[in-house]
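Observations on the model geometry
So the chains spell out like this:
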2 protein chains.
Amino acid sequence: MAGRQARKGGPQRASGPALWASVGARVRDRERKRDAVIMTAARAFRERGYHNTSLDDIASELNVTKPTVYHYVENKEQLLFECFRAGLKLIMDGIEEQQDSQATARERLAAVIARYAEAITSDFGWCMVQAENQDLSPAMSRKVKALKSEIDQGMRHLLKEGQLDGSIRKCDPKITAFALAGALNWIAYWYRDGAGLSPADVAKTFIETFELGLRPR
Amino acid sequence: MAGRQARKGGPQRASGPALWASVGARVRDRERKRDAVIMTAARAFRERGYHNTSLDDIASELNVTKPTVYHYVENKEQLLFECFRAGLKLIMDGIEEQQDSQATARERLAAVIARYAEAITSDFGWCMVQAENQDLSPAMSRKVKALKSEIDQGMRHLLKEGQLDGSIRKCDPKITAFALAGALNWIAYWYRDGAGLSPADVAKTFIETFELGLRPR
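So, here is what we can say about the structure in this document.

Thresholds applied
Residues numbered from 1 in each chain as written. Chains lettered and ligands numbered in written order. Predicted model: local features only at pLDDT ≥ 70, side-chain atom pairs only at ≥ 80, totals over all residues. Heavy atoms only, no water. Least-squares fit on C-alpha atoms with pLDDT ≥ 70 in both. Contact = heavy atoms within 4.5 Å. Helix = DSSP H or I, 4+ residues; strand = E, 2+ residues; numbered from the N terminus. Buried < 20%, exposed > 50% of the residue type's maximum accessible area, 1.4 Å probe, protein only. 1 Å grid on protein atoms, 1.4 Å probe; cavity = no way out; pocket = protein on both sides within 12 Å on 5 of 7 lines; lining within 4 Å. Points joined across faces, edges and corners; volume = space filled by probe spheres on them. Nonpolar A, V, L, I, M, F, W, Y, C, P; charged D, E, K, R; others polar. Buried area = accessible area lost by both parts, 1.4 Å probe. Salt bridge = Lys/Arg side-chain N within 4 Å of Asp/Glu carboxyl O. Polar contact = N/O pair within 3.5 Å; in protein donor to acceptor, adjacent residues only side chain to side chain. Axes fitted to C-alpha atoms, helices over the stretch in contact; angles between N-to-C directions. Parallel < 35°, antiparallel > 145°, perpendicular 65-115°, else oblique. Left-handed = near helix turned anticlockwise from the far one by under 90°.

A word on the relation of the copies chain B and chain A
Each copy of the sequence occupies a distinct position, and chain B is placed on chain A by a rotation of 180° and an axial shift of 0.0 Å, giving an RMSD of 0.0 Å. Here the copies are linked by what is in effect a two-fold axis. A high fraction, 100%, of the interface residues of chain B reappear at the interface in chain A, so the copies pair face to face through one surface.

As structure tokens, this is what we get:
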């Protein structure tokens, strides 16, 4: 907005830093609008399914025209991918945040499980789990698989580290990471907002189940 | 076959017990053929997806005509349901087998987990996990949900019993059953026949993960 005023208003001259600030504001504005498109799409896909949602539906929910939506994403498939990526980013951020931590690998894994549960219970959860089932193009499918593999490798790495630092029992990192990811991904199939269970409740029980096991100690 | 001969062959008279035996043989023959239709369909759905598989494909794999397939199932949706039910039956049988056992609830749960892993790694696994994502009719969707709920209730029951007999740590049976089922169902997404991991290997690691937890004892 400020940038547009500076260009339009002849008499008013923008100094260097003010101009840069205004460019920054426009970038942030664009990012906010793009985020709104992605969040609206994630909710629509979750509620009605990918194939039952059109870009027209998303534009009308945002009170904008379809060309406005195309300003932010190339097509519906890219929109699904952006929803998928936004959800996965929540988990990746959780993994990265733990990288400089002095906590044991088991404690860091618990923090990642909590982030993962939070991401899957959010509106992005459906896209994170269902993206690959929606007849994606081969190129998009490869991108989805590559990102999923990063999360998988992050979990396996923590499981291996925990066996080195003694905080995790001897276990097969690959199968155990699949068990963890499966339990977490499945949340998207049963969790319903406002059904009396917060994301934190789910995360707490999951962490206890995986940390302590079912056998009494 | 024997029954048909008895009807055709005028001079040859079937005595009562022999006639019943031949009816039994025909019933078994019909059941075997029906099982072959269901197993062939389960494998085809798993390999190519439900929407990419036609009843013609299944008939041609069985070297029969499409009307022959219609002799056993009404339509493709019913065939998917039968594949789903056949897989779930393996788990239900596992739960029922444990009902008269004197073992602790945790041991019985471990036996059910092993059966569950075996079912999901079989050709039925894909149908068990994906049936609900295939735009089923509302009536069929209700039947699928009802059967899934039986398994869920069976797992919750074992988790509650284990807290009573002292073999299972205090836990929320609902969320814990979802964690178990999620980890197990997810096997259908990553497990590949002949990739160096037997169903028994998967079951063993899953049982250890859930029984012992990740924290060293």
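Alright, that's what it looks like, and here's the rest.
Structural notes on the environment of Arg-32 of chain A
Residue and element names in this part refer to chain A. With respect to the helices and strands, Arg-32 occurs in helix 2 (residues 16-48). Classification of Arg-32 as exposed rests on a relative accessible area of 52%. Arg-32 sits 127 residues away from Leu-159 along the chain, and the two C-alpha atoms are 37 Å apart.

Points about empty space enclosed by the protein
If a probe as big as a water molecule is rolled over the atoms, it shows which places are left empty. Residues and elements named next belong to chain A. Across all of its chains, the model carries two cavities of 30 Å³ or more by this definition. When its volume is computed, the largest cavity comes out at roughly 40 Å³. Lining the largest cavity, in full, are Arg-46, Ile-120, Ser-122, Gly-125, Trp-126, Ala-188, Tyr-191 and Arg-192. Split into classes, the residues belonging to the lining of the largest cavity amount to four nonpolar, two polar and two charged.

Points about the interface of chain B and chain A
Contact residues are listed per partner, giving 37 residues for chain B and 37 residues for chain A. Both faces combined, the contact of chain B with chain A buries some 3,800 Å², and carbon together with sulfur accounts for 65% of it. The largest share of the area that chain B buries against chain A comes from Arg-169, Trp-186 and Leu-214 of chain B, three residues that together contribute 23% of it. Between Arg-215 of chain A and Glu-211 of chain B there is a salt bridge, with the nearest N and O atoms lying 3.1 Å from each other. At the surface where chain B touches chain A, the tally comes to 17 residue pairs in polar contact (both at pLDDT 80 or more). Put simply, the parts of the chain that give the side of chain B that touches chain A at least two residues each are helix 6 (105-121), helix 7 (125-130), helix 9 (173-190) and helix 10 (199-212) of chain B. Per-element tally for the side of chain B that touches chain A: the top contributor is helix 9 of chain B, with 10 residues. Partitioning the side of chain B that touches chain A into residue classes produces 19 nonpolar, 10 polar and eight charged.

Comments concerning the packing of helix 9 (residues 173-190) of chain A against helix 10 (residues 199-212) of chain A
All names here are of chain A. Running from amino to carboxyl end, helix 9 crosses helix 10 at an angle of 155°, the nearest separation of the two axes being 12 Å. In this view, helix 9 runs roughly antiparallel relative to helix 10, as classed from their interaxial angle. Relative to helix 10, the crossing made by helix 9 is right-handed. Between helix 9, through Ala-179, Leu-180, Ala-183, Leu-184, Ile-187 and Trp-190, and helix 10, the contact on the second element is made entirely by Val-202, Phe-206 and Phe-210. Looking at side-chain class alone, the contact of helix 9 with helix 10 contains nine nonpolar, no polar and no charged residues.

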